[in-house]
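# Structural characterization, general
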Amino acid sequence: VNWILEQGTTVILVALPVVFYPELRRALEHLGRGQLFTRLAGLGQQELSRIVDPIARSAWLLSESKTGALIVIEREVGLEEYVESGVRMDAALSTELLLNIFTPNTPLHDGAVIVRGDRVAAAGCFLPLTDNPYISSKMGTRHRAGLGVSEQSDALVVIVSEETGAISFAKAGRLERNLDEDGLRMRLVRELQGAVGFGRRGGFG
């Protein structure tokens, strides 16, 4: 019995970090920034508009032309490892920039754009794919990558399907589909209004 208990303890100690990896990663990132027990004020209306409006508008325009897109909005959990996988830009966020990035047959259109504050931190980024076995086989790489990064961080993800033009929104491993421009705008505003420390790295200049 003692041997079984000892072995069981070892298994539990190994299994728990694996099972709760996303939660542990998020907590450690917060602790590393000293933000685990802090709460900052949410974004103002002007700051929200500078982030939400270009993303919602470009998502709708890309949807109408059935141009695939993957836009990731960084929040508390840093996405620097994914920024490093793409091309750094540190450019002002705008509808025109997003449309240019996702223009088919251009160097950056296949990867993800990572938004940090009101700036595009990088484009052409590679994201982790979800391991969720219950995801529909009809979902392509963009949707799986969007879900994957939302599972491993608190990022908000906007996905435009290249096949159907449908706009989807991912958060915490869950996907909402078939949003229109206004629906996406309201969803983003609701999530970002209560953001804690959002935009501190990107700033609002």
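Residues numbered from 1 in each chain as written. Predicted model: local features only at pLDDT ≥ 70, side-chain atom pairs only at ≥ 80, totals over all residues. Heavy atoms only, no water.

### Concerning the pairing of strand E4 (residues 119-125)
What counts here: Relative accessibility decides the category of a residue: with a 1.4 Å probe and only protein chains considered, values under 20% of the type maximum give buried, values over 50% give exposed, and everything between is partly exposed. Working definition: helices are DSSP H or I runs of at least four residues, strands are E runs of at least two. Numbering for both runs from the N terminus. For two strands to count as paired, DSSP must find a minimum of two bridges between them.
Across the seven residues of E4, six count as buried, placing the element largely inside the fold. Relative to E4, strand E2 (residues 87-92) runs antiparallel, the two being bridged by four bridges. The residue of E4 that forms the bridge with Val87 is Ala123. The pairing of strand E3 (residues 112-116) with E4 spans four bridges and is classified as antiparallel. Bridging across to E4, Ile114 finds its partner in Ala122.

### Focus on helix H7 (residues 181-193)
Here is the rule: Here the expected span of a helix is defined as 1.5 Å times the quantity of residues minus one. By the convention used here, residues are in contact when the closest approach between their heavy atoms is within 4.5 Å.
When the terminal C-alpha atoms of H7 are compared, their 18 Å separation across 13 residues agrees well with the 18 Å that a helix rising 1.5 Å per residue should span. For H7, every residue scored as buried is listed here: Glu181, Gly183, Leu184, Arg187, Leu188, Val189, Glu191 and Leu192. The secondary structure elements touched by the buried residues of H7 are helix H3 (45-64), strand E1 (69-73), strand E5 (156-160), strand E6 (167-171) and strand E7 (174-179).

### Comments concerning the environment of Glu76
Within the secondary structure, Glu76 is located in the loop between E1 and helix H4 (80-83). Among the residues examined, Glu76 registers a relative accessible area of 8% and is labelled buried.

Treat this as a map of the structure, not an account of what it does.
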